[in-house]
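Results of the structural survey
Single-letter residue listing:
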Amino acid sequence: SATKMNAFYIGLDNPVAASITGVRSDKTSVSMSGGGTINKAGKGTYTVRVSSPGEVNVNLTGTNEQGKKLNYSVPFRAKRIPDPVPKIGKQSGGGMRSGEFKAQGGLRAVLEDFLFDAKFTVNGYECTLARPGADLKIAGNNGGKYGGNTSRLIQQAQPGDVFYFDEIKATGPDGKKRKLPSIVFKIN
């Protein structure tokens, strides 16, 4: 049985408990088929790592006290970690006061309602300041933390401004770079 859910996530250590009723743990052998690796973590517990989406199987074999050989194969789904939500502070867009907006350190990629402790790293994004009656100001940013021109744009924030964060790219534990949806902030 999976100790978190009935799916394994690519790039994460997925904890699993595996046993056969009536068979001692030292008489049970556990393996994987369909793509992935399984390593013993403790008595009856294992860690599964998968690398591509699809179905995988955890296979158990063992011999009970009467000498009968037992075999089981349990299917699981290998899935990608869901896309994170880009956020500034605790918000993924909407209205924010200028002082609060200026006090933020950068853009984060947050996995919401995900059972594992998985982290995404923001690789970069484009920040656009739209001020009524003025030309757009655009700055590219490497990484999640505000830097250089982006930091200067953020410090100009005043009520009525709109900030667009586009072309947001982040990398997760699976090592794959993802493009995240744009977010928009209206400064109050």
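Up top you'll find the structure we're talking about.
Reading the values: rules and limits
- Residues numbered from 1 in each chain as written.
- Predicted model: local features only at pLDDT ≥ 70, side-chain atom pairs only at ≥ 80, totals over all residues.
- Heavy atoms only, no water.
- Helix = DSSP H or I, 4+ residues; strand = E, 2+ residues; numbered from the N terminus.
- Rg over C-alpha atoms; globule rule 2.2 N^0.38 Å.
- Buried < 20%, exposed > 50% of the residue type's maximum accessible area, 1.4 Å probe, protein only.
- Contact = heavy atoms within 4.5 Å.
- Areas by Shrake-Rupley, 256 points an atom, 1.4 Å probe, with all protein chains shown as cover.
- Phe/Tyr/Trp six-rings, centres within 6.5 Å; stacked < 30°, edge-to-face > 60°.

Now for the overall build of the protein chain. The helix and strand tally for the protein chain stands at two helices and 15 strands. Rg of the C-alpha trace for the protein chain: 24 Å, well past the compact-globule value of 16 Å for 188 residues, more than 25% over. Each principal axis of the C-alpha atoms in the protein chain carries an extent, and together these give about 85 × 25 × 20 Å. Expressed as a percentage of its 188 residues, the buried residues of the protein chain come to 40%. Once local pairs closer than 6 in sequence are excluded, the contacts in the protein chain between residues at least 24 apart make up 60%. Carbon and sulfur atoms make up 47% of the accessible area of the protein chain, which amounts to about 10,300 Å² in all.

Further remarks concern the environment of Phe 76. Within the element layout of this structure, Phe 76 appears in strand S7 (residues 69-79). For Phe 76, a relative accessible area of 7% gives the class buried. Between the C-alpha atoms of Phe 76 and Gly 36, which are 40 residues apart in sequence, the distance is 11 Å.

Let's shift gears to the packing of aromatic side chains. According to the stated counting rule, one finds nine aromatic pairs in the structure shown. With centroids separated by 4.4 Å and ring planes inclined at 25 degrees, the aromatic side chains of Phe 8 and Phe 76 adopt a geometry described as stacked. Of this pair, Phe 8 sits in strand S1 (residues 7-9) while Phe 76 sits in strand S7, and the two are 68 residues apart along the sequence. Phe 76 carries the same exposure label as Phe 8, and that label is buried. Seen in terms of ring centroids, Phe 101 and Phe 163 are 4.7 Å apart; in terms of plane orientation they differ by 45 degrees. Their pairing is tilted. On the criterion of sequence distance, the pair formed by Phe 101 in helix H1 (residues 98-103) and Phe 163 in strand S13 (residues 162-171) is long-range, its members being 62 residues apart. The exposure class assigned to Phe 101 is buried, which follows from its relative accessible area of 0%.

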